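Okay, here's what each chain looks like letter by letter:
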Amino acid sequence: MMASVRRPDYRYQYLFENAFDAILIFEPESEVVLDANTQACKLYGFERNELVGTSLKQLTKDVAQGEALIQDLLHKGPVCAFESHQYRKDGQELILTINLSLIDFNGTPAILSIIRDISDRKHAEDALDKSEANLQTIFENTDIGFVLMSDTFHIKSFNMPASLFFFRKQEKTLQKEAQIFHFYPSERIAGLRLMLRAVLEGKVMTYERNLYRSEKEEYWYAIKFTPVFNRNQVVSGVVMMIENITERKQYEIALQRSLKEISDYKFALDQSAIVSITNPSGVITYVNKNFCKISQFSESELLGASHNIVNSAYHSRAFFREMWRTISSGNIWKGEIKNKAKDGSYYWVDNTIVPFLDTLG
C-alpha cells in the first residue's frame, strides 16, 4: 500500500539529508512546510516535527515579496538566487539567498526551496563602507571573490578568489586600472554593460554562471554586482562578488533528477496498484484513484479518516494488533484483507505495508 511510493527514493533521501544547504519543500498557496532536511532544521532552530506543518509566512519578514516570487515561479519558471529576510525560532533575523523550483511531491504540486545563509556575507558587504582596514581583512580571509570598481568600471582592487575565477573563465589575470570588460568574452560584454548601467542606478544585479575547466570539470558561480554609495548617496563605484556554488548546484541537479525518478515511479505505481498513505496514528493522508475506485469513497471522504472506514469486520482484533505490531517494529507486513466498500459490497486486497522510517529508525 503506502510504502511502495517511496521505495525508490533512497538516493533522494541521502542527497536530501546530506546536502550542504538547507532544503525545504512547501505547499505553494499556504507555504506550509511539507518536508525539511537536517540543515534546514539547524538553520531555523526547529525540530523537524515542529518545522513541518509551519507556514513560511510566519517566518518571513516580507510576506508580500515571497508571495510575488511564488507567482513568478508558477507562471514563469524557476526563481534563482533572490534574497529574503526570515526569522529563526528564537527570533534571530536571517539573511538568506534562495532558489525556488516547482516539483511534484506525493502527487501534488510543491515548491523545492534550496536555502543558503548569507548573513555573514551580508555583514561583510556592509563592512566594506566602514574602513579600508576592514576591507583588507575581508579580502584576505574569505573564499568569496571581490572586485572593486570605479563608476567607470575600472578595477581598483581584487582578491585571490576573484583572480582565480577570471583565470578559469578566460585564462586572463586581473589587472588594476583595466576595465572589467577586458576580462569578459566578447559575446557577453553587451549583457554585462546593461547590468552595470542598472547598478549605477542603484540596483543590485545577480546571475549564476557555469564554467568548464575541462569536459569533466564544471564550476558554478553566483555573481553579484552591488552599488557603492558615497556620503551624498551617489553611486561612486561597484563591488563585484563571486561565490563558488559548485557543490550546491551539484546537489541541486542530483536532487532534481532523483525527484523526477520518484515521480516516474509513483506514476507507474498509481497506474497499477491501490495506494494509500497514513500517518503514525493511522489517519489517511493520501489515496490514489484506484483506492477511491475500489472503495467507492471520494478522496475528500477518505482523507483524515482511518482505515476503519473500509473495515469489513471480517478480521479479528488480534489480526490487526499483529499487523500493527509488525509495522511498528519497522518490518514489512504482507497479507490479504477483506474490505467493505461504501455501497456495502466486499472486496479482497493483497496488501503490502511498509513503514516510513525517519533518520532515527
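What counts and what doesn't
- Residues numbered from 1 in each chain as written.
- Predicted model: local features only at pLDDT ≥ 70, side-chain atom pairs only at ≥ 80, totals over all residues.
- Heavy atoms only, no water.
- Helix = DSSP H or I, 4+ residues; strand = E, 2+ residues; numbered from the N terminus.
- Buried < 20%, exposed > 50% of the residue type's maximum accessible area, 1.4 Å probe, protein only.
- Contact = heavy atoms within 4.5 Å.
- Areas by Shrake-Rupley, 256 points an atom, 1.4 Å probe, with all protein chains shown as cover.
- Expected span 1.5 Å × (residues − 1).
- pLDDT = per-residue confidence, 0-100.
- Pairing = 2+ DSSP bridges.
- Axes fitted to C-alpha atoms, helices over the stretch in contact; angles between N-to-C directions.
- Salt bridge = Lys/Arg side-chain N within 4 Å of Asp/Glu carboxyl O.
- Phe/Tyr/Trp six-rings, centres within 6.5 Å; stacked < 30°, edge-to-face > 60°.
- 1 Å grid on protein atoms, 1.4 Å probe; cavity = no way out; pocket = protein on both sides within 12 Å on 5 of 7 lines; lining within 4 Å.
- Points joined across faces, edges and corners; volume = space filled by probe spheres on them.
- Core = buried A, V, L, I, M, F, W, Y, C linked by side-chain atoms within 4.5 Å.

Across its full length, the protein chain holds twelve helices and 14 strands. In the protein chain, which comprises 361 residues, the proportion classed as buried is 46%. When contacts within the protein chain are restricted to residue pairs at least 6 apart in sequence, those whose partners lie at least 24 apart make up 44%. When the accessible surface of the protein chain is totalled, it reaches about 19,700 Å², and 50% of it is carbon and sulfur.

Below, the discussion takes up helix H9 (residues 246–272). If you check H9, its first and last C-alpha atoms are 40 Å apart, about what 27 residues at 1.5 Å a residue would give, namely 39 Å. Thr246, Arg248, Lys249, Glu252, Leu255, Ser258, Leu259, Ile262, Lys266, Leu269 and Asp270 are the residues of H9 that are buried.

Quick look at the confidence of the model for the protein chain now. Chain-level statistics for the protein chain give a pLDDT mean of 85 and a share of 90% at 70 or above. The element-level mean pLDDT for the protein chain is lowest in helix H6 (residues 132–140), coming to 67, with helix H2 (residues 38–44) highest at 95. Every residue in residues 1–8 scores below 50 in pLDDT, and together they form 30 contacts with partners more than four places removed in sequence or on other chains.

What follows is about the sheet that holds strand S5 (residues 108–117). With respect to topology, five strands assemble into an open sheet ordered S2-S1-S5-S4-S3, the strand pairing being antiparallel. Across the chains shown, the open sheet's two edge strands, defined by having one partner strand only, are strand S2 (33–36) and strand S3 (79–87). Going from strand to strand, the sheet's axes swing by 35° on average, the running direction of each strand aside. Both strand S1 (residues 22–26) and S5 contribute to a ladder of five bridges, which runs antiparallel. When the bridges of S5 are listed, Phe26 appears paired with Ile111. Packing of helix H4 (residues 63–76) onto the sheet brings it into contact with S1, S3, strand S4 (93–105) and S5, and relative to S3 it is tilted by some 155°.

What follows covers the pattern of salt bridges. A complete count under the given rule lists 17 salt bridges for this structure. A salt bridge links Glu93 to Lys61; the nearest nitrogen and oxygen atoms lie 3.5 Å apart. Here Glu93 is found in strand S4, whereas its partner Lys61 is found in the loop between helix H3 (48–51) and H4, with 32 residues between them in sequence.

The next subject is the packing of aromatic side chains. With the rule as written, the count across this model stands at seven aromatic pairs. Centre to centre, the rings of Phe20 and Tyr251 are 5.6 Å apart; their planes meet at 75°, and the pair counts as edge-to-face. Taken as a pair, Phe20 in the loop between helix H1 (10–18) and S1 and Tyr251 in helix H9 lie far apart in primary sequence, 231 residues in all. Residue class for Phe20 comes out partly exposed when judged on its relative accessible area of 48%. Judged by its relative accessible area of 22%, Tyr251 falls in the partly exposed class. With a centroid separation of 5.7 Å and 80° between ring planes, the pair formed by Phe153 and Phe181 is classed as edge-to-face. Highlighted residues: Phe153 in the loop between strand S6 (145–150) and strand S7 (155–158) and Phe181 in the loop between helix H7 (160–170) and helix H8 (186–200), separated in sequence by 28 residues. A relative accessible area of 10% places Phe153 in the buried class. Here Phe181 falls in the buried class, since its relative accessible area comes to 6%. Through a chain of ring-to-ring contacts, the aromatic side chains of Phe319, Phe320 and Trp333 assemble into a single cluster.

Looking now at empty space enclosed by the protein. All told, the structure shown has three cavities of 30 Å³ or more when counted by the stated rule. The space that makes up the largest cavity amounts to roughly 180 Å³. Along the wall of the largest cavity there are 21 residues; nearest its centre are Glu31, Thr60, Gly66, Phe82 and Gln86. Secondary structure elements with two or more residues in the lining of the largest cavity: S1, H4, S3, S4 and S5.

Moving on: the environment of Ile155. Here Ile155 lies in strand S7. Judged by its relative accessible area of 0%, Ile155 falls in the buried class. Measuring from C-alpha to C-alpha, the distance between Ile155 and Gln175 comes to 7.1 Å, with 20 residues separating the pair along the chain. Other than its neighbours up to four places away in sequence, Ile155 contacts Val147, Leu148, Met149, Leu174, Gln175, Lys176, Glu177, Ala178, Ile180 and Phe183.

What tends to happen in soluble globular proteins is that the nonpolar side chains get buried as a cluster. If you look at the biggest cluster of nonpolar residues, it comprises 27 residues, and the most contacted ones within it are Val147, Phe166, Ile180, Phe225 and Met240. Breaking this core down by element, the ones donating at least two residues are S6, H7, H8, strand S8 (205–214), strand S9 (217–229) and strand S10 (235–244). Per-element accounting of this core gives the leading share, five residues, to H8. Ala22, Leu51, Leu56 and Leu94 belong to the second largest nonpolar core, which has 24 residues in total.

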